[in-house]
Amino acid sequence: MTLASLDRDHLWHPFTQQRGWAEEEQLVIERAEGTDLIDTEGRRYIDGVSSLWCNVHGHRHPKIDEAVRDQLDRVAHSTMLGLSHPPAIELARRLVEIAPPGLSRVFYSDSGSTAAEIALKMAFQYWQQQGGDAAKKTKFVSLREAYHGDTIGSVSVGGIDLFHATYRPLLFDTLKAETGDAADMERLLVENEGEVAAVIVEPLVQGAAGMLLQPDGYLRQVREMCDRHGALLVCDEVAVGFGRTGRMFACEHEDVAPDFLCLAKGITGGYLPLAATLATERVYEGFLGEHHEFRTFFHGHTYTGNPLACAAALASLDVFEEEDVIGRLQGKIALLERLLEPIAALPCVSEVRQKGFMVGIELGGFAVEERMGHQVTLAARERGAVIRPLGDVVVLMPPLGIDESELIRLVEITGEAIAAATGIARAEQRQAA
């Protein structure tokens, strides 16, 4: 039995229609080096989506490899329920140092979805424990086309019907604001005055919605509205954090300090599952009390603050500093913008959206059944790059550590793949006619 046939017989892949998966040639990644993924046949592919947006510095970075090996010689896992350990303590300190001002407490979990869900639960419980009129704050505002993960709470504040509509009977109701429309956000907060616990947003870029960009100043306006109407602000930086927008955190572009900051994906450099929800001291103090008052935040995971993951995260932060990752990224962002200009001019491309190292190339004029975004990824794979679409939006999000020559090659492959896939489709349509 081959690995591919065993995969077809036993695995169930995320966000994948298995019938189509079983009909295509399987790509089985065996190892990786730098920005290359290497399959079982020894073929190399540029990792054009950072292994689903989490790989930051490239695969097998020596400093992170060493940190994980060193931690293995100490302890691989120890619970944080009633215990602590050095990597979790040190990482919390480092995260607070680099986070927007006012965020002073770190609660660990294991994925972006749980990081967001924790913020929602903390916000809700915080107001309930304030008592009086504050306990009326039970509603949440999120953006249309939002994506905050796949657990029930995070899906409830999501807004992508393709992903979320099936589960509607399981969800709690939330208020949906038009994306990037400050007036609509203000309207919702006014109409629900004194009832909104928190507003949750993906700062600057809504990733899973197709790299939708928010207008300049929008995040700052939302912060100010939350302050005026007494709502907490949750910034979900799972996708946009750790350099993706050209700053360490997207909030920095507009000097916004949220009440909660949700981090995951790039936090370990793409090595191990880890997430963190950062909160203000004000929120933290709202949970302090005597044992019999039961103001404890009753939430936790077995692998909360896993030592191996925390060690990888600490090493990743060291790499950010020692290799001046953010500083060196600026030239590559400008290069990427120039490289995308010929792609934007292709007749089959309706729009190219870019913020930092986050790119969405929207294809226009294709029926859903054509799966044109998917056809582009298959054509890119034949040319030596792994990319992944969101419907008919082709996403590019390479590791921040990619060198300029590889970046040029990645964008060239993407342009060739778009031209090849869409040209074949049009030729087939003409033949059918």
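Since this is a predicted model, take the numbers as computed values, not measurements.

1. What to know about the pattern of salt bridges
Logical step 1: Counted by the stated rule, this structure contains 26 salt bridges.
Logical step 2: Residue E90 is joined to R93 by a salt bridge in which the shortest nitrogen-to-oxygen separation is 2.5 Å. Highlighted residues: E90 and R93, both in helix α5 (residues 86-98), separated by 3 residues, approximately one helical turn.
Logical step 3: By relative accessible area, which is 28% here, E90 ends up partly exposed.
Logical step 4: Put simply, D133 and K136 hold a salt bridge, and the shortest N to O gap is 3.4 Å. Each member of the pair, D133 as well as K136, carries the same accessibility label: exposed.
Logical step 5: When salt bridges that share partners are traced, they join R31, E33, D36, R44 and R60 into one network.

2. Digging into a nonpolar patch on the surface
Logical step 1: A surface patch of nonpolar side chains, about 340 Å² in accessible area, is lined by M1, L3 and L6.
Logical step 2: For M1, the location among the structural elements is in the segment before α1 (3-10).

3. Section: the sheet that holds strand β17 (residues 393-396)
Logical step 1: In spatial order, the strands read β13-β14-β17-β16; together these 4 strands make up an open sheet with antiparallel pairing. If you trace the sheet from one side to the other, it starts and ends with β13 (349-355) and β16 (388-390), each paired once. With direction set aside, neighbouring strand axes in the sheet form an average angle of 25 degrees.
Logical step 2: In this structure, β16 lies alongside β17, joined through 3 bridges in antiparallel fashion. Considered in β17, the bridge of R388 is made with V395.
Logical step 3: Along the sheet, helix α13 (residues 325-344) makes contact with β13, β14 (358-363) and β17, crossing β13 at roughly 175 degrees.

The rules behind each value
- Residues numbered from 1 in each chain as written.
- Predicted model: local features only at pLDDT ≥ 70, side-chain atom pairs only at ≥ 80, totals over all residues.
- Heavy atoms only, no water.
- Salt bridge = Lys/Arg side-chain N within 4 Å of Asp/Glu carboxyl O.
- Helix = DSSP H or I, 4+ residues; strand = E, 2+ residues; numbered from the N terminus.
- Buried < 20%, exposed > 50% of the residue type's maximum accessible area, 1.4 Å probe, protein only.
- Patch = residues over 30% accessible without salt bridge, like charges linked within 9 Å, V, L, I, M, F, W, Y side chains within 5 Å.
- Areas by Shrake-Rupley, 256 points an atom, 1.4 Å probe, with all protein chains shown as cover.
- Pairing = 2+ DSSP bridges.
- Axes fitted to C-alpha atoms, helices over the stretch in contact; angles between N-to-C directions.
- Contact = heavy atoms within 4.5 Å.

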